[in-house]
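Spelled out, the chains give:
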Amino acid sequence: ETGVTQSPTHLIKTRGQQVTLRCSSQSGHNTVSWYQQALGQGPQFIFQYYREEENGRGNFPPRFSGLQFPNYSSELNVNALELDDSALYLCASSGQGTHYNEQFFGPGTRLTVL
Amino acid sequence: RKEVEQDPGPFNVPEGATVAFNCTYSNSASQSFFWYRQDCRKEPKLLMSVYSSGNEDGRFTAQLNRASQYISLLIRDSKLSDSATYLCVVNPNDYKLSFGAGTTVTVRA
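Residues numbered from 1 in each chain as written. Chains lettered and ligands numbered in written order. Predicted model: local features only at pLDDT ≥ 70, side-chain atom pairs only at ≥ 80, totals over all residues. Heavy atoms only, no water.

**Student:** Could you give an account of the overall build of chain B, naming the residues involved and the relevant values?
**Tutor:** When helices and strands are counted, chain B shows 0 helices and 11 strands. Secondary structure of chain B in N-to-C order comes out as β-β-β-β-β-β-β-β-β-β-β. Rg of the C-alpha trace for chain B: 13 Å, near the compact-globule value of 13 Å for 109 residues, within the 12% margin. Counting all 109 residues of chain B, 44% fall into the buried class. Taking all contacts inside chain B whose residues are at least 6 apart in sequence as the whole, residues at least 24 apart take part in 54%. Across chain B, the mean location of the 12 positive side-chain charges is 3 Å away from that of the 11 negative side-chain charges. (Helix = DSSP H or I, 4+ residues; strand = E, 2+ residues; numbered from the N terminus. Rg over C-alpha atoms; globule rule 2.2 N^0.38 Å. Buried < 20%, exposed > 50% of the residue type's maximum accessible area, 1.4 Å probe, protein only. Contact = heavy atoms within 4.5 Å. Lys, Arg positive; Asp, Glu negative; His and termini not counted. Charge placed at Lys NZ, Arg CZ, Asp CG, Glu CD.)

Right under this line is the structure:
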């Protein structure tokens, strides 16, 4: 069974730039959620994708957007980067059945905005 | 009020000791509860799901008190490898997980 993978591992951008982060879900999982984790904080929910549609969204501005593809992989796009966007971005996948809401995380992408 | 609140610790305990800590949640409609473990600069890993009043998995015991809206985690016979940040997680609806800021546990030899 393949776990959740994310790319790139690390990224450095400057303020105002745009970034795309990628995630491949665990095999058998059809739902992908994205979280932002600032240093010393718990992960904060950005949004979730199910069947290529946004299924729910947290308190993040519209410059945070995403996509899910037919193979259930997903992208997170952030436009007009701000210094406060520096964080660990985590992707989590979940499946169906009794434990459908158990989410399994990828290793994350560490984004630094200068 | 934060959705999930945890005592940040740190809890510094000797090997073999028992350590316990709680978290409280604000949304009384929450149905699912979890403990995740996170090592420094790594991703959170699911430690336990808490679906009823509580459950046990080896040295780890989770308790859920819906009336008081708190969840606890107890670790018995602590090992050095238990040193980590423990994240209390609540599922207030079908799609999002709400995380606490974490409780840091350090087990010393």
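**Student:** Which residues make up the nonpolar core, and what values go with them?
**Tutor:** All names here are of chain B. Ranked by size, the top nonpolar core spans 22 residues in total, and within it Phe21, Phe33, Trp35, Ile71, Leu73 and Tyr86 carry the most contacts. Those elements that provide at least two residues to this core are β3 (19–25), β4 (32–38), β5 (45–50), β7 (60–65), β8 (70–75), β9 (84–91) and β11 (103–108). Setting aside anything within four residues of it in sequence, one finds Leu73 in contact with Val19, Ala20, Phe21, Trp35, Leu47, Met48, Phe60, Thr61, Ala62 and Tyr86. (Core = buried A, V, L, I, M, F, W, Y, C linked by side-chain atoms within 4.5 Å.)

**Student:** Any details on the interface of chain B and chain A? Residues and values, ideally.
**Tutor:** It is common to report an interface's size as the accessible area lost on association of the parts. Every contact between the two is made by 20 residues of chain B and, on the other side, 24 residues of chain A. Seen at the junction of chain B and chain A, the total is 0 salt bridges. Where chain B packs against chain A, one counts 6 residue pairs in polar contact (both at pLDDT 80 or more). Elements represented by at least two residues in the side of chain B that touches chain A include exactly β4, β5 and β9 of chain B. Taken together, the residues of the side of chain B that touches chain A break down into 10 nonpolar, 5 polar and 5 charged. (Salt bridge = Lys/Arg side-chain N within 4 Å of Asp/Glu carboxyl O. Polar contact = N/O pair within 3.5 Å; in protein donor to acceptor, adjacent residues only side chain to side chain. Nonpolar A, V, L, I, M, F, W, Y, C, P; charged D, E, K, R; others polar.)

**Student:** If you had to explain the sheet that holds β7 of chain B to someone new, which residues and values would you point to?
**Tutor:** The strands making up a sheet are joined through hydrogen bonds of the backbone, oriented either antiparallel or parallel. All names here are of chain B. The 5 strands are arranged β1-β3-β8-β7-β6 in an open sheet whose pairing can be described as antiparallel. Edge positions in the sheet fall to β1 (4–6) and β6 (54–57), since each has one partner strand and no second. Sheet twist, expressed as the average angle between the axes of neighbouring strands with direction ignored, equals 15°. Direction of pairing for β1 relative to β3: antiparallel, over a ladder of 3 bridges. Note that in β3 the partner of Glu5 across the bridge is Thr24. (Pairing = 2+ DSSP bridges. Axes fitted to C-alpha atoms, helices over the stretch in contact; angles between N-to-C directions.)

**Student:** Explain the pairing of strand β3 (residues 19–24) of chain A to me, and be specific about the residues and the numbers.
**Tutor:** Residue and element names in this part refer to chain A. In this structure, strand β1 (residues 5–7) lies alongside β3, joined through 3 bridges in antiparallel fashion. Residue pairing for β3: Thr5 is matched across the bridge by Ser24. Pairing between β3 and strand β8 (residues 74–78): 5 bridges, direction antiparallel. Among the inter-strand pairings, Cys23 is bridged to a residue of β8, identified as Ser74.

**Student:** So, the pairing of β4 of chain B: which residues are in play, and what are the values?
**Tutor:** Both faces of the sheet carry side chains from a regular strand, because those side chains alternate between them. All names here are of chain B. Taking burial as the measure, the 7 residues of β4 include 7 buried ones, the bulk of the element. Note that β4 and β9 share 7 bridges and pair antiparallel. For Phe34, the partnering residue across the bridge sits in β9 and is Val89. Bridging between β4 and β5 involves 5 bridges; their strand directions are antiparallel. Across the sheet, Tyr36 pairs through a bridge with Leu46, a residue of β5. Linking β4 to β5, which pair antiparallel, is a turn of 6 residues; within it Arg41 sits at a positive phi near 65°.

**Student:** For the environment of Glu102 of chain A, give the residues involved together with the corresponding values.
**Tutor:** By the secondary structure assignment, Glu102 of chain A is in the loop between β9 (87–94) and β10 (104–105). Spatially, the C-alpha atoms of Glu102 of chain A and Ala92 of chain A are 9.4 Å apart, while their sequence positions differ by 10 residues. When sequence neighbours within four positions are dropped, the list of residues in contact with Glu102 of chain A reads Ser93 and Ser94 of chain A together with Phe34, Tyr36, Leu46, Ser49 and Tyr51 of chain B. Among the polar contacts listed, one links the side chain of Glu102 of chain A to the side chain of Ser49 of chain B, at a separation of 2.5 Å.

**Student:** Tell me about the side chain of Ser93 of chain A, residues and numbers included.
**Tutor:** All names here are of chain A. Take Ser93: it is sitting in strand β9. Only 2.8 Å separates the side chain of Ser93 from the side chain of His29, close enough to count as a polar contact. Beyond its immediate chain neighbours, meaning those up to four positions away, Ser93 contacts Val4, Ser25, Gln26, His29, Thr31, Val32, Glu102, Gln103 and Phe104.

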